[in-house]
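Structural overview for review
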Amino acid sequence: MEESQVFDVMGEDGFARLVSAFYQKVRQDDLIGPMYPDQDWEGAEQRLRDFLVYRFGGPDRYIQQQGHPRLRMRHAGFKIGIAERDRWIELMSAAMKESEVPKEVALNLRVFFEQVADFMRNVPEN
Ligand code: HEM
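A few points about the overall build of the chain
Counting secondary structure elements, the chain contains six helices and zero strands. Since a compact globule built from 126 residues should have a radius of gyration of about 14 Å, the 14 Å found for the chain is in line with a globular shape. Along the first, second and third principal axes, the C-alpha set of the chain runs to 35 × 30 × 30 Å. Among the 126 residues that make up the chain, the fraction classed as buried is 40%.

Right under this line is the structure:
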């Protein structure tokens, strides 16, 4: 399916449940949890949710509030190697299952997450 149609299937609610399940796991994670702003979990949740809504064909609140995504630049301050990339993907995959992402959009989301998470790597590794 076209990426711009994913929002029609997920809706605001689907993305909200996905990101909420994801951050519940991130908060408890020993490797990537400590990287996130401890006093602003709600803000972090809102930014990821709004970004995904925008990216997959929904309202562009993320752009209104944060401007151009420039995700690599926004992640430059965090040390992201293979281990961090893989953990992020592992927690997101579990969140997709738990929040019951509909089968017809799961592949679109999975491919996107894997590409972007790999692109966020910013420490030299083979
Ligand atoms: C598919 C992969 C990823 C996507 C789509 C994504 C998306 C985002 C977005 C939209 C933000 C908010 C940026 C802002 O507006 O300020 C963010 C923040 C952040 N991301 Fe990622 N990210 C990805 C991968 C990763 C990975 C692999 C890590 C490694 C642990 C990571 C760690 C963080 C941290 C620590 C923040 C700061 C929390 C905040 O204040 O928003 N991200 N990410």
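Structure's up, so let's keep going.
Quick look at the site of the ligand
Residues in contact with the ligand amount to 19 residues; listed here are only the nearest, Tyr36, Arg47, Tyr62, His75 and Trp88. A distance of 2.8 Å separates an oxygen atom of the ligand from a polar side-chain atom of Tyr62. Take His75: an N or O atom from its side chain is 2.8 Å from a nitrogen atom of the ligand. Secondary-structure elements contributing two or more residues to the shell around the ligand are α2 (41-55), α3 (61-66), α4 (71-74) and α6 (103-119). Broken down by element, the residue count for the shell around the ligand peaks at four residues, all from α2. Residue composition of the shell around the ligand, by class: 15 nonpolar, two polar and two charged.

Side note on the nonpolar core
Counting residues in hydrophobic clusters, the biggest one holds 33 residues, and the most contacted among them are Phe15, Phe22, Tyr23, Leu52, Leu109 and Phe113. Elements represented by at least two residues in this core include exactly α1 (6-27), α2, α5 (82-98) and α6. In terms of residue count, the dominant contributor to this core is α1 (ten residues). The residues touching Leu109, leaving out its near neighbours within four places in the chain, are Val6, Met10, Phe15, Phe56, Met96 and Val101.

Rules behind the numbers
- Residues numbered from 1 in each chain as written.
- Predicted model: local features only at pLDDT ≥ 70, side-chain atom pairs only at ≥ 80, totals over all residues.
- Heavy atoms only, no water.
- Helix = DSSP H or I, 4+ residues; strand = E, 2+ residues; numbered from the N terminus.
- Rg over C-alpha atoms; globule rule 2.2 N^0.38 Å.
- Buried < 20%, exposed > 50% of the residue type's maximum accessible area, 1.4 Å probe, protein only.
- Near = heavy atom within 4 Å.
- Polar contact = N/O pair within 3.5 Å; in protein donor to acceptor, adjacent residues only side chain to side chain.
- Nonpolar A, V, L, I, M, F, W, Y, C, P; charged D, E, K, R; others polar.
- Core = buried A, V, L, I, M, F, W, Y, C linked by side-chain atoms within 4.5 Å.
- Contact = heavy atoms within 4.5 Å.

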